[in-house]
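Summary of the model geometry
Each chain, letter by letter, is given below.
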Amino acid sequence: MLSEQTKARFDREVAKYPADQKQSAVMACLSIFQQENGWISPEGEKLIAEHLGMAPIAVREVATFYNMYNQQPVGQFKINVCTNLPCQLRDGQKALEHLCHKLGIQAGETTADGVFTVQQGECMGACADSPVLLVNDRQMVSFMSNDRLDALVDTLKANAK
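So, here is what we can say about the structure in this document. For clarity, every value in this text was computed on a predicted model and none was experimentally measured.

Next up on the list: helix H7 (residues 146–158). An ideal rise of 1.5 Å per residue puts 18 Å on 13 residues; H7 measures up with 18 Å between its terminal C-alpha atoms. Among the residues making up H7, those that are buried are Leu-149, Leu-152, Val-153 and Leu-156. For H7, the buried positions fall inside an angular range of 95° around the axis, keeping them on one side. Among the exposed residues of H7, those oriented more than 90 degrees off its buried face are Asp-147 and Ala-158. Check the buried side of H7 and you find it contacts strand S1 (77–82), helix H6 (92–103), strand S2 (116–121), strand S3 (133–135) and strand S4 (139–141).

Moving on, we get to the nonpolar core. Among the nonpolar cores identified, the biggest contains 20 residues, and Leu-99, Phe-116 and Leu-133 are the most heavily contacted of them. At the level of elements, S1, H6, S2, S3 and H7 are the ones that each hand at least two residues to this core. Tallying contributions element by element places H6 first for this core, with five residues. The contact partners of Phe-116, leaving out residues within four places of it in the chain, are Gly-75, Phe-77, Ile-79, Leu-103, Ile-105, Glu-109, Thr-110, Thr-111, Val-153, Leu-156 and Lys-157. With 19 residues, the next largest nonpolar core counts Ala-25, Val-26, Cys-29 and Met-54 among its residues.

Thresholds, definitions, all that
- Residues numbered from 1 in each chain as written.
- Predicted model: local features only at pLDDT ≥ 70, side-chain atom pairs only at ≥ 80, totals over all residues.
- Heavy atoms only, no water.
- Helix = DSSP H or I, 4+ residues; strand = E, 2+ residues; numbered from the N terminus.
- Expected span 1.5 Å × (residues − 1).
- Buried < 20%, exposed > 50% of the residue type's maximum accessible area, 1.4 Å probe, protein only.
- Arc of directions from axis to C-beta.
- Contact = heavy atoms within 4.5 Å.
- Core = buried A, V, L, I, M, F, W, Y, C linked by side-chain atoms within 4.5 Å.

Coordinates in, geometry out; function isn't part of it.
Here it is as structure tokens:
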């Protein structure tokens, strides 16, 4: 079930659209659900669909199309490393490998303590700043040398709950 607080947040997003187009808030509602739950479960998709008056498959289509929506539980800090071609040419893959090595996991995995998930990402629109990472789909960090990657991991680990 959705909490009253979540429903209120959904309704604030729905109010931005004409009454007959409330389904337009699906991306915002997915984002809100993920912020509160960490990932988008199939049950979450159904709850969002019910709230917006749309078919659950339509919500699933949106949730699975964009890589910003987690389809499974992730760590407290999800780090997407851009490995698209321009970033590959500027050490994006090396940054991914360094990060995975430091954390003792492979791309797509979560550390045993549940703090970090590392994933490959697609273009983040900052090719000249490569290597580029996106932390929790909200904070972009650029020019990530090995030293800067190590510092980022240390800072995030110090702020882990």
